[in-house]
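# A structural walkthrough
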Amino acid sequence: HYSEFNVDLVPLGGEEAERVQSEIRDTLARFPGVSFAIKPFLTERIEEVISGVSAEVAVKVFGDDLDAIDRAARDLARVLASVPGAADVQVESPPGAPEVSVHLRPERLQLLGFQPVEVLDALATGYQGTEVAQVFDGNRVFAVTVVLDPARRRDPEQVGALLLRAPSGSPVPLRTLADVELGTGRTAVLHDDARRRQGVSCNVRGRDVASFVAEARRRIAAELSLPPGVYTVFTGAAEAKARAQREIALYSLLAGAGVVALLAIAFGSARNLVLVLANLPFALVGGVLAVFFTGGWLSVGSLVGFVTLFGITTRNSIMMISHFEYLVQVDGRPWNRETALRGAGERLVPILMTALVAGLGLLPLALGSGAPGREIEGPMAIVILGGLATSTALNLLVMPTLALRYARFAEAVRDAAPTGTAVP
């Protein structure tokens, strides 16, 4: 019941490739009774690694009764299809695959002198083939297989007419020895952790995956009544994204706490430490604006960009505050407006160089953020560029004013000049 077709596209940009995929999807939607999923090869492989299902959103239905979880999966697919943004909704292992059932009749086998294994072997040979010999041609080996003619194997109604030779030598049709019926069955019974399951998957178009999953959860809880012993589990890209976001937030907080502790030891002043950290909101403003103007979707790449951005901007503010401290404690200058302006001017080139080098290196990634393969680097580069623009400007213009108002630096201690000459 499952096939894959590879469609090679000419080199396209990100938006144009999405448009072509939408056109293919609209064309395939005209085929009744068939489910399609359109996606790039790399995306499919990543989704399979994440959830075992090649789709952005996957809902696994667990239970013991196969019929019950099949009914629940069909109802769940109907609810998912009604959520705005759902595309390519399909049941992972649809039941009802046609099959031919052959049930042996022991009393007839005994009466005619057949062994059950003989009948099953003959049936397997006729329809699947059995290798009986090999033909050698030089260094090549060819198998000789006994199997029915393709015309006989094509018609399932002819299975009961398969002739078997009885021990007495007379031919006996299979329908005399067994009940041959056409019915439906399953191509596979899916399991996770030794539990039977069924799966419903879909992709998301026109909205972010997180909001789609949140609405799908609400709709499923309100509209779907699961039988006893059946429950659902959401997996896929949305769950992987949420897990990655939690891990990034946790590790970032731990790293940030360590950095703040080290800065507190290095500066020895709570005021100066707060001034160093004041550059973080400057960077946050630019990063948020960059995300807003590029679609407003916060991805894992965007979160990585914020973490990197905070590191770069904190380094710039450390350069500024530490230079102020150097001018006061080493050069012996009084902490006033003139010293603040001089410190800002002397840090202008290093801070601009840091921002420009990072910005120029990330500019190609930001400009091509919609290209395939840049789903992580593109949003990260956009966030860093937006944050660098605001943090660099505000660090050079606002930080000296804040430091002049709130910073405290211990002035250098000068030795008293000698008033006389000592004579030994």
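Residues numbered from 1 in each chain as written. Predicted model: local features only at pLDDT ≥ 70, side-chain atom pairs only at ≥ 80, totals over all residues. Heavy atoms only, no water.

### A look at the packing of aromatic side chains
Applicable threshold: Working definition: rings of Phe, Tyr and Trp (its six-membered ring) pair if their centres are within 6.5 Å, and the pair is stacked with planes under 30 degrees apart, edge-to-face with planes over 60 apart, and tilted otherwise. Put simply, DSSP marks the helices as runs of H or I at least four residues long and the strands as runs of E at least two long, and each gets a number from the N terminus on. Remark: exposure states derive from per-residue accessible area (1.4 Å probe, protein chains only) relative to the maximum for the residue type, with buried under 20%, exposed over 50%, and partly exposed in between. Two conditions define a charge located above a ring, namely a distance within 6 Å from the ring centre to NZ of Lys or CZ of Arg, and an angle within 35 degrees of the ring normal.
Counting across every chain of the model gives four aromatic pairs. Judged by centre distance (6.2 Å) and plane angle (45°), the ring pair of Phe-306 and Phe-310 falls under tilted. Residue Phe-306 and its partner Phe-310 are located together in helix α12 (residues 300–329), separated by four residues, close to a single helical turn. Both rings, one in Phe-324 and one in Trp-335, keep their centres 5.1 Å apart while their planes meet at 50°; by these two values the pair is tilted. Of this pair, Phe-324 sits in helix α12 while Trp-335 sits in the loop between α12 and α13 (337–367), and the two are eleven residues apart along the sequence. Judged by relative accessible area, Phe-324 falls into the buried class, the value being 0%. Trp-335 sits in the buried class, given a relative accessible area of 19%. For the cation-ring pair, Arg-405 lies above Tyr-406, with the distance from its terminal atom to the ring centre recorded as 4.9 Å.

### Focus: the confidence of the model for the chain
The predicted coordinates ought not to be read in detail in places where the model reports low pLDDT. Put simply, the rule reads: Values of pLDDT, which run from 0 to 100, indicate the predictor's confidence residue by residue. In this analysis, two residues are considered to be in contact whenever any of their non-hydrogen atoms come within 4.5 Å of each other.
On average, residues of the chain score 83 in pLDDT, and 91% of them reach the 70 mark or higher. Of the regions scoring below 50 in pLDDT, residues 415–424 engages in zero contacts with residues more than four places distant in sequence or in other chains.

### Details of the packing of α12 against α13
What counts here: All axes here are fitted lines through C-alpha atoms, helices being fitted over the stretch that makes contact, and every angle between N-to-C directions spans 0 to 180 degrees. Oblique is the label for any angle not under 35 degrees, not over 145, and not in the 65 to 115 range, which are roughly parallel, roughly antiparallel and roughly perpendicular in turn. A clockwise turn of the near helix away from the far one marks a right-handed crossing, whereas an anticlockwise turn of less than a right angle marks a left-handed crossing. Residue classes follow a fixed rule: Ala, Val, Leu, Ile, Met, Phe, Trp, Tyr, Cys and Pro count as nonpolar, while Asp, Glu, Lys and Arg count as charged, and any other residue, Gly among them, counts as polar.
One can describe the packing of α12 onto α13 by two numbers: an axis separation of 9 Å at closest approach and a directional angle of 155°. As far as their axial angle goes, α13 and α12 are roughly antiparallel. Handedness of the crossing formed by α12 with α13: right-handed. Between α12 and α13, the residues in contact are Ile-312, Arg-315, Asn-316, Met-319, Met-320, His-323, Phe-324, Leu-327 and Val-328 and Thr-339, Ala-340, Gly-343, Ala-344, Glu-346, Arg-347, Pro-350, Ile-351, Thr-354 and Ala-358, respectively. Classifying every residue of the contact of α12 with α13 by side-chain character gives eleven nonpolar, five polar and three charged.

### Overview of the packing of α13 against helix α14 (residues 377–397)
Contact geometry of α13 with α14 gives a least axis separation of 9 Å together with a crossing angle of 165°. With respect to their mutual orientation, α13 and α14 come out roughly antiparallel. When you trace α13 past α14, the crossing you get is left-handed. Judged by residue contacts, Ala-344, Leu-348, Ile-351, Leu-352, Ala-355, Ala-358, Gly-359, Leu-362, Leu-363, Leu-365 and Ala-366 of α13 engage Glu-377, Gly-378, Ala-381, Ile-382, Ile-384, Leu-385, Leu-388, Thr-392, Asn-395 and Leu-396 from α14. Looking at the contact of α13 with α14 residue by residue, the class counts come to 16 nonpolar, four polar and one charged.

### Some points on the side chain of Asp-88
Let me state the cut-off plainly: Counting of polar contacts relies on pairs of N or O atoms within 3.5 Å, with two restrictions inside protein: one atom must be capable of donating a hydrogen and the other of accepting it, and residues adjacent in sequence are counted only when both atoms are side-chain atoms.
Positionally, Asp-88 belongs in strand β2 (residues 86–91). Among the polar contacts listed, one links the side chain of Asp-88 to the side chain of Arg-25, at a separation of 3.0 Å. Once residues within four sequence positions are removed from consideration, Asp-88 is found in contact with Arg-25, Phe-36, Ala-37, Ile-38, Ser-201, Cys-202 and Asn-203.

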